[in-house]
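Below, each chain spelled out in residue letters.
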Amino acid sequence: MPQGKPRQIKMVGFMQAQNCSITPGSWRHPANMMDFLTPEYFQRIGRVLEEGKFHLAFFDDRLAMPDIFTDDHREAVENGIRVVKMDPISILTAIGMATKRLGLGATYSTTYYEPFHVARLFATLDLMTRGRAAWNVVTSLNSSEAGNFGRTEHLAHDQRYDRADEFVEVVLGHWDSWDDDALIMDKATGRFADGAKVRALKHEGRYFRSRGPLSVPRSPQGQPVLIQAGQSGRGRQFAGRWGELIFVVYPNLAAGRKQYAELKQAVAEAGRDPASVSVAPACYVCVGETREIAEAKRDYIRTLAKPIDALVLLSEALNFDFGSKDLDSEFTDEELRRISWTGFRDRVVMLSGKANPTVRDFVHFSGRGTIGEFPIFCGTPTDVADQMEEWFTTPACDGFVLAATHTPGAFEDFVRLVVPELQRRGLYHQDYAGETLRENLGLPRPNAGDWRRVKPASAA
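Here's a quick rundown of the structure. Every chain is numbered independently, its residues counted from 1 as its sequence is written. In view of the model being predicted, local features appear only for residues whose pLDDT reaches at least 70, and side-chain atom pairs are presented and counted only at 80 or more, with totals across whole chains, interfaces and linings using the full set of residues. Water and hydrogen atoms play no part in the side-chain values, which are based on all heavy atoms of the structure.

Concerning the overall build of the chain
Part 1 of the argument: Each helix is a run of H or I in the DSSP string that is no shorter than four residues. Each strand is a run of E no shorter than two, and both are numbered from the N terminus. Per the secondary structure count, the chain includes 16 helices and 13 strands.
Part 2 of the argument: Radius of gyration here is computed from C-alpha atoms only, and the compact-globule reference equals 2.2 Å multiplied by the residue count raised to the power 0.38. Taking 23 Å as the expected radius of gyration for a compact globule of 460 residues, we find that the chain reaches 22 Å, a close match to that expectation.
Part 3 of the argument: Overall, the C-alpha framework of the chain stretches about 75 × 50 × 40 Å when taken along its three principal axes.
Part 4 of the argument: Exposure is judged per residue with a 1.4 Å probe applied to protein chains only, and the accessible area is read against the type maximum: over 50% gives exposed, under 20% gives buried, and values in between give partly exposed. The burial tally for the chain puts 58% of its 460 residues in the buried class.
Part 5 of the argument: It only takes one pair of heavy atoms within 4.5 Å for two residues to be counted as in contact. When contacts within the chain are restricted to residue pairs at least 6 apart in sequence, those whose partners lie at least 24 apart make up 76%.
Part 6 of the argument: About 18900 Å² of surface is accessible on the chain, with carbon and sulfur atoms providing 50% of the total.
Part 7 of the argument: In this count, Lys and Arg are taken as positive residues and Asp and Glu as negative ones, while His and the chain termini are left out. For this purpose, a charge sits on NZ of Lys, CZ of Arg, CG of Asp or CD of Glu. A gap of 4 Å separates the mean positions of the 56 positive and 60 negative side-chain charges of the chain. Only the protein chains shown count as covering a residue, and every accessible area follows the Shrake-Rupley method with a 1.4 Å probe.

Here is the structure:
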């Protein structure tokens with residue numbers, strides 16, 4: 001952040017390339033648009049986010065339909081529980097053609113793709129959107145994803161992150177292939193580029209071998225922004241090393257303050273400036289002209305959730321069949337060890353106060369499949385701004401990842417009612433700072449090789 005400039009909230013629109021938002025009941029809302037198989041649906045949302053000066057439209061992703069519950073996909077399909085999963089890059093390209101400043105972020109897995117593919121994909125997206133791309137680095141979650149890519153089982157948690165560290169190194173190495181001034185394009189001499197300024201990577205490591213050079217010249221922002229969402233011990237270490245924008249889930253403000261400090265410490269331990277990394281928790285907003293209107297919206301949205309939503313999505317996220325146990329059956333120590341998403345598991349253990357929570361505890365304390373999964377800021381524009389300001393100034397965050405209760409209405413309400421109030425208070429920018437996502441996030445344009453000065457996890 002430039003010296004002397006006050007902190008301002010970073011805003012991210014949380015999107016899905018599917019039939020609903022992250023809350024599966026959203027598609028059941030009478031005001032939810034249902035043309036999600038068209039570019040117009042996503043371009044409409046992108047325009048709304050850009051009107052509200054959001055920094056980023058971000059797509060979460062999974063590489064499999066949620067079919068772990070009872071080892072069958074049919075319950076998920078029948079109930080529309082996040083079963084449509086299109087490739088987010090194609091959709092981001094469509095949004096990019098309909099917007100000019102909005103950042104465009106997508107999730108791509110380090111477990112089921114190859115580094116060269118990811119490097120080329122995001123470098124191209126960054127060029128085609130004139131410097132607005134971001135890559136959310138994930139290690140994926142479950143065995144259904146493994147099965148779609150010819151694997152028999154999902155890798156162990158810490159091994160996924162060890163592999164991911166090397167994966168990111170390879171991607172960044174490829175992004176460094178071209179110097180900024182490598183292109184010459186002199187028609188008179190016939191010289192296209194300076195061969196000495198384009199380098200092969202020749203990486204040979206524990207998990208990957210990749211030759212290079214990357215076949216995509218350097219982009220306007222040097223390289224896409226790196227997003228991370230690690231909250232477990234090893235995941236937090238990974239986020240501290242690589243994340244420029246870190247997404248988190250806080251159960252409450254008190255836990256948020258603690259986790260915020262821990263993440264900033266992880267960044268410092270990796271030899272990076274904590275002030276240069278933005279931490280943004282997921283949230284819902286139910287806002288209305290009066291508190292009564294806002295609360296009525298919230299209460300109605302709660303009725304859209306079905307019990308099956310939680311069981312299907314818990315099974316997907318934790319790589320465990322929640323249909324295999326009774327609601328009041330405790331998880332054994334061995335079953336808890338097998339759970340894929342350790343940060344999620346640890347949050348339920350903490351909130352329940354039980355070393356061995358039951359299925360019902362996981363449903364209740366996770367809020368999975370409902371708008372109770374994230375904090376809900378509810379009330380008038382003043383009320384919502386008060387709540388967000390408290391989280392921001394405490395501090396527990398540097399911004400927010402706004403999930404939609406329904407689309408595009410939840411984003412429209414926020415832009416129409418809350419953004420002007422945050423701007424009035426000086427907490428939110430009046431306009432974009434520049435053309436690239438890095439400029440708008442206050443991030444410097446990296447030079448080739450800057451990332452090599454960051455400490456690896458083993459040295460942090």
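With respect to the environment of Arg-257
Part 1 of the argument: In this fold, Arg-257 is placed in helix H8 (residues 253-269).
Part 2 of the argument: Between the C-alpha atom of Arg-257 and that of Phe-392, which follows or precedes it by 135 residues, the distance is 9.9 Å.
Part 3 of the argument: Aside from chain neighbours lying at most four places away, what touches Arg-257 is Glu-390, Thr-394, Pro-395 and Ala-396.

Quick look at the side chain of His-429
Part 1 of the argument: Relative to the helices and strands, His-429 resides in the loop between helix H15 (409-424) and helix H16 (437-441).
Part 2 of the argument: A polar contact of 2.7 Å, which involves the side chain of His-429, links it to the backbone oxygen of Lys-53.
Part 3 of the argument: In protein, a polar contact means a hydrogen-donor-capable atom and an acceptor-capable atom, both N or O and within 3.5 Å, with residues adjacent in sequence counting only if both atoms are side-chain atoms; elsewhere, any N or O pair within 3.5 Å suffices. A distance of 3.4 Å separates a polar atom in the side chain of His-429 from the backbone oxygen of Asp-431.
Part 4 of the argument: Not counting residues within four places of it along the chain, the set of residues in contact with His-429 comprises Gln-8, Lys-53, His-55 and Gln-423.

Notes on helix H13 (residues 359-366)
Part 1 of the argument: Among all positions in H13, only Val-359, Asp-361, Phe-362 and Ser-366 are buried. Buried residues in H13, looked at end-on, bunch into an arc of 160 degrees, giving them a common side.
Part 2 of the argument: On its buried face, H13 sits against helix H10 (307-318), helix H11 (333-338) and helix H12 (342-352).
Part 3 of the argument: Looking one or two residues beyond H13, the residue adopting positive phi is Gly-367, at roughly 70 degrees. As used here, the arc is the angular range of directions from the helix axis to the C-beta atoms.

Structural notes on a nonpolar patch on the surface
Part 1 of the argument: The grouping of Leu-183, Met-185 and Phe-192 at the surface amounts to a nonpolar patch, some 310 Å² of accessible area in total.
Part 2 of the argument: Owing to a relative accessible area of 51%, Phe-192 belongs among the exposed residues under this scheme. What makes a patch is a set of residues exposed beyond 30% relative accessible area and free of salt bridges, joined within 9 Å when like-charged and within 5 Å when nonpolar (Val, Leu, Ile, Met, Phe, Trp, Tyr). Put simply, a salt bridge is a Lys or Arg side-chain nitrogen that is within 4 Å of an Asp or Glu carboxyl oxygen.

Structural notes on the environment of Val-363
Part 1 of the argument: Mapping Val-363 onto the fold places it in helix H13.
Part 2 of the argument: In this structure, Val-363 is in contact with Ala-310, Leu-311, Leu-314 and Arg-368, ignoring residues within four places of it in sequence.

Some points on the packing of helix H7 (residues 233-242) against H8
Part 1 of the argument: With axes taken as lines fitted to C-alpha atoms, and helix axes fitted only over the stretch in contact, angles between N-to-C directions fall between 0 and 180 degrees. Here H7 crosses H8 at 55 degrees, and the two axes come no closer than 7 Å. The angle between H7 and H8 places the two elements in the oblique class. Crossing geometry of H7 relative to H8 is assigned as right-handed. For the pair H7 and H8, contact is made by Arg-236, Ala-239 and Gly-240 and by Glu-262, Leu-263, Ala-266 and Val-267, respectively.
Part 2 of the argument: Asp, Glu, Lys and Arg are counted as charged, while Ala, Val, Leu, Ile, Met, Phe, Trp, Tyr, Cys and Pro are counted as nonpolar; the rest, among them Gly, fall into the polar class. Classifying every residue of the contact of H7 with H8 by side-chain character gives four nonpolar, one polar and two charged. Note on angle classes: values under 35 degrees are labelled roughly parallel, values over 145 roughly antiparallel, values of 65 to 115 roughly perpendicular, and the remainder oblique. By definition, any crossing whose near helix is turned counterclockwise from its far helix by less than a right angle is left-handed, and any crossing with a clockwise turn is right-handed.

Re the side chain of Arg-438
Part 1 of the argument: Checked against the element boundaries, Arg-438 lands in helix H16.
Part 2 of the argument: Look at Arg-438 and you get buried, because its relative accessible area is 2%.
Part 3 of the argument: Within the local environment of Arg-438, its side chain forms a polar contact with the side chain of Glu-244, the two groups lying 2.8 Å apart.
Part 4 of the argument: With near-sequence residues (within four places) excluded, Arg-438 lies in contact with Gln-221, Gln-223, Pro-224, Val-225, Glu-244, Leu-443, Pro-444, Arg-445 and Pro-446.

Considering unusual backbone geometry
Part 1 of the argument: Residue Thr-394 is joined to Pro-395 through a cis peptide bond whose omega torsion reads 0 degrees.
Part 2 of the argument: Mapped onto the fold, Pro-395 is located in the loop between helix H14 (381-393) and strand S13 (399-403).
Part 3 of the argument: Each neighbour pair has its own omega, and for Thr-407 with Pro-408 the value is -5 degrees, a cis peptide bond.
Part 4 of the argument: Relative to the assigned elements, Pro-408 resides in the loop between S13 and H15.
Part 5 of the argument: Despite not being glycine, Lys-53 shows a phi value in the positive range, around 60 degrees.
Part 6 of the argument: In this structure, Thr-70 takes a positive phi of about 55 degrees despite not being glycine.

So, the state of the cysteines
Part 1 of the argument: Note that a disulfide, as used here, is simply two cysteine sulfur atoms within 2.5 Å. Using the criterion set out here, one finds zero disulfides in the structure.
Part 2 of the argument: Here Cys-397 stays unpaired: no disulfide links it, and the sulfur of Cys-283, its closest cysteine neighbor, is 8.5 Å away.

Overview of helix H4 (residues 115-128)
Each turn of an α-helix holds 3.6 residues, which means side chains three or four residues apart point in the same direction.
Part 1 of the argument: In this model, H4 (14 residues) spans 20 Å end to end at C-alpha, consistent with the 20 Å of a helix rising 1.5 Å per residue.
Part 2 of the argument: The inward-facing, buried residues of H4 abut helix H3 (88-98), strand S3 (103-109), strand S4 (133-138) and helix H6 (157-175).
Part 3 of the argument: Looking one or two residues beyond H4, the residue adopting positive phi is Arg-130, at roughly 55 degrees. Helix span is expected to be 1.5 Å times the residue number reduced by one.

Topic: the packing of H3 against H4
Part 1 of the argument: The N-to-C vectors of H3 and H4 enclose an angle of 10 degrees; their axes lie 10 Å apart at closest approach. Considering their axes alone, H3 and H4 lie roughly parallel with respect to each other. Listed contacts from H4 to Ile-89, Leu-92, Thr-93 and Met-97 of H3 are Leu-121, Phe-122, Leu-125 and Met-128.
Part 2 of the argument: Partitioning the contact of H3 with H4 into residue classes produces seven nonpolar, one polar and no charged.

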